[in-house]
Amino acid sequence: MSFNPQQYMRILSFIDKNCRNSINKPKIVAISKNHPISSIKKAIDNGVRIFGENRVKEALLKFSDLKKKYSEIELHLTGFLQTNKVKLALSIFDIFQTLDREKLAIEFKKHMTKNANKKFFIQVNTGMEKQKTGISPSSSSDFIDFCKQDLHLSIIGLMCIPPINDDPIKHFTKLKNLAEKKDLRFLSMGMSADYKKALIFGSTHVRIGTLLFGNR
């Protein structure tokens, strides 16, 4: 399935109707992982400029030329990142949504001299799921301080992926409360199945893949 412009417009319409009073107007991050360049080009033709990819090499193959042609494209890393791929990731991604451990943060700092404009969301494992990455809620405050104060990384917000069979609202609420305590403006929460709830609870970035591109 190719990019669905009608669905994109429906999501934009929902944002316009339900998030008028938002300080930061929510953005759609079009998750294009495992989808061909042809679908991405169709999305660009329909006004999409923010994309999310999970793998560094795939992102390089698909977006190296596209970012040269469309300088306004903003590319987010939305998948787990190994420390040995940090330098390569910094060459293609603008925003990193999955900063989740001290070792990774230190590796970013090591390579940041030429990439000072990179921004980060800290991923919080709100459901404390063993199979998922993300800093635990109880450790998140100290980790945020470490990244901001000790490493001087540009931490702009928090990200979470609620457990599949759990009520996402309690996880969105937990993340929002934590962000407010740490004075962070942005919240990446909500995907194709729950983006409407996420937006109503203050999400500034919804990560939409299946609704826009179909099943992979």
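Preceding block: the structure.
Residues numbered from 1 in each chain as written. Predicted model: local features only at pLDDT ≥ 70, side-chain atom pairs only at ≥ 80, totals over all residues. Heavy atoms only, no water.

**Q** How would you summarise the pairing of strand S2 (residues 50-53) if you had to cite specific residues and measurements?
**A** Taking every second residue as pointing to the same face, both faces of S2 are buried, with Ile-50 and Gly-52 on one and Phe-51 and Glu-53 on the other. In the classification by handedness, the crossover that spans strand S1 (residues 27-31), the intervening helix H2 (residues 37-45) and the parallel S2 is right-handed. Alignment of S2 against strand S3 (residues 74-77), held across four bridges, turns out to be parallel. The residue bridging Phe-51 from the neighbouring strand is Leu-75, located in S3. Since S2 and S3 lie parallel, the crossover through helix H3 (residues 56-69) that links them has a hand, and here it is right-handed. (Buried < 20%, exposed > 50% of the residue type's maximum accessible area, 1.4 Å probe, protein only. Helix = DSSP H or I, 4+ residues; strand = E, 2+ residues; numbered from the N terminus. Right-handed = clockwise from strand over helix to strand, strands pointing away. Pairing = 2+ DSSP bridges.)

**Q** Outline the packing of aromatic side chains, listing residues and values.
**A** On inspection of all chains with the given rule, the structure shows eight aromatic pairs. Taking 4.7 Å as the distance between ring centres and 70° as the angle between the ring planes, the aromatic pair formed by Phe-108 and Phe-120 counts as edge-to-face. In this pair, Phe-108 is assigned in helix H5 (residues 102-110) and Phe-120 in strand S5 (residues 119-123), connecting sequence segments twelve residues apart. For the pair shown, Phe-108 and Phe-120 are each scored as buried. (Phe/Tyr/Trp six-rings, centres within 6.5 Å; stacked < 30°, edge-to-face > 60°.)

**Q** Any details on the packing of H5 against helix H6 (residues 137-150)? Residues and values, ideally.
**A** Close contact between H5 and H6 brings their axes to 11 Å; oriented N to C, the two are set at 10°. As judged from the angle between their axes, H5 and H6 are roughly parallel. Contacts from Glu-102, Ala-105 and Ile-106 of H5 reach H6 at Phe-143, Phe-146 and Cys-147. Split into classes, the residues belonging to the contact of H5 with H6 amount to five nonpolar, no polar and one charged. (Axes fitted to C-alpha atoms, helices over the stretch in contact; angles between N-to-C directions. Parallel < 35°, antiparallel > 145°, perpendicular 65-115°, else oblique. Contact = heavy atoms within 4.5 Å. Nonpolar A, V, L, I, M, F, W, Y, C, P; charged D, E, K, R; others polar.)

**Q** Could you give an account of the layout of surface pockets, with specific residues and numbers?
**A** Reported here for the largest pocket is a volume of approximately 450 Å³. Lining the largest pocket are 21 residues, and of these Lys-33, Asn-54, Thr-78, Ile-161 and Met-191 lie nearest its centre. Counted by class, the lining of the largest pocket contains seven nonpolar, ten polar and four charged residues. The computed volume of the second largest pocket comes to approximately 290 Å³. What lines the second largest pocket is a set of 17 residues, and nearest its centre among them are Asn-24, Lys-176, Arg-185, Gly-202 and Thr-204. (1 Å grid on protein atoms, 1.4 Å probe; cavity = no way out; pocket = protein on both sides within 12 Å on 5 of 7 lines; lining within 4 Å. Points joined across faces, edges and corners; volume = space filled by probe spheres on them.)

**Q** Describe H2, listing the residues and the values that go with them.
**A** Looking at H2, one finds that the buried residues are Ser-39, Ile-40, Ala-43 and Ile-44. Across the axial projection of H2, the buried residues extend over an arc of 145°, all falling on one side. Every exposed residue of H2 that faces more than 90 degrees away from the buried side is listed here: Ser-38 and Asp-45. At its buried positions, H2 is contacted by S2, H3 and helix H9 (210-213). One or two positions beyond H2, positive phi appears at Gly-47, with a value near 100°. (Arc of directions from axis to C-beta.)

**Q** Summarise the pattern of salt bridges; cite the residues concerned and give the values.
**A** In total, this model carries eleven salt bridges according to the counting rule given. For Lys-25, the salt bridge goes to Asp-16, with nearest N and O atoms at 3.0 Å. Judged by its relative accessible area of 54%, Lys-25 is exposed. Here Glu-53 ties to Lys-62 by a salt bridge, and the two come within 2.8 Å at their closest N and O atoms. A relative accessible area of 0% places Glu-53 in the buried class. (Salt bridge = Lys/Arg side-chain N within 4 Å of Asp/Glu carboxyl O.)

**Q** Give me the environment of Val-29: which residues, what numbers.
**A** The topology assignment puts Val-29 in strand S1. We classify Val-29 as buried; its relative accessible area is 0%. Expressed as a C-alpha distance, the spacing of Val-29 and Glu-53, which sit 24 residues apart in the sequence, is 9.7 Å. If we ignore the near neighbours within four places in the chain, the residues touching Val-29 are Ile-50, Phe-51, Gly-52, His-76, Gln-97, His-205, Val-206, Arg-207 and Ile-208.

Structural measurements only, silent on function.
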